[in-house]
Amino acid sequence: MVNAQTRSRTFKSMLQDDSGAATAEYAIATMAAVGFAGLLVVIMRSEEVKEILFDLVRSALTFSSSDDSSANQ
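None of the values given here were measured: they were computed from a predicted structure.

Caption draft 1: Quick peek at the overall build of the protein. Within the protein, the secondary structure is distributed over four helices and zero strands. Ordered by position from the N terminus, the helices and strands of the protein form the series α-α-α-α.

Take a look at the structure:
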């Protein structure tokens, strides 16, 4: 029969055992990353964001002629 002191020591050793803690941390970090990715998907599907990004890419790929005209003078 196990006495109360032995049971208390066993319970304390179970609380101090860190095995599996890293796995739990990885699982929490993975779930946070999945949640963030889902939020980005929702944001990227909105028409406003699509339009902003399209305009940004278009302006980056379009050459401005205002700089060229000042260089020729």
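So that's the structure; there's more coming.
Caption draft 2: Structural context of the pattern of salt bridges. Here the structure, examined in full by the defined rule, presents two salt bridges. Its salt-bridge partner being Arg 58, residue Asp 55 comes within 2.3 Å of it at the nearest N-O pair. Pair noted here: Asp 55 and Arg 58 are both in helix H3 (residues 47–61), with a separation of three residues, about one helical turn. Under the relative-accessibility criterion, Asp 55 is labelled partly exposed at 32%. With a relative accessible area of 43%, Arg 58 lands in the partly exposed category.

Caption draft 3: Molecular detail of a nonpolar patch on the surface. A cluster of nonpolar side chains, contributed by Phe 36, Leu 39, Leu 40, Ile 43, Met 44, Leu 53 and Leu 56, occupies part of the molecular surface with about 640 Å² of accessible area. Elements with a minimum of two residues in the nonpolar patch: helix H2 (21–44) and H3. The leading source of residues in the nonpolar patch is H2, at five residues. With respect to the element layout, Phe 36 can be found in helix H2.

Caption draft 4: How the structure looks around H3. Given a rise of 1.5 Å per residue, 15 residues ought to cover 21 Å, and the 21 Å separating the end C-alpha atoms of H3 matches this to within 8%. Little of H3 sits inside the fold, with zero of its 15 residues counted as buried.

Definitions and limits used
- Residues numbered from 1 in each chain as written.
- Predicted model: local features only at pLDDT ≥ 70, side-chain atom pairs only at ≥ 80, totals over all residues.
- Heavy atoms only, no water.
- Helix = DSSP H or I, 4+ residues; strand = E, 2+ residues; numbered from the N terminus.
- Salt bridge = Lys/Arg side-chain N within 4 Å of Asp/Glu carboxyl O.
- Buried < 20%, exposed > 50% of the residue type's maximum accessible area, 1.4 Å probe, protein only.
- Patch = residues over 30% accessible without salt bridge, like charges linked within 9 Å, V, L, I, M, F, W, Y side chains within 5 Å.
- Areas by Shrake-Rupley, 256 points an atom, 1.4 Å probe, with all protein chains shown as cover.
- Expected span 1.5 Å × (residues − 1).

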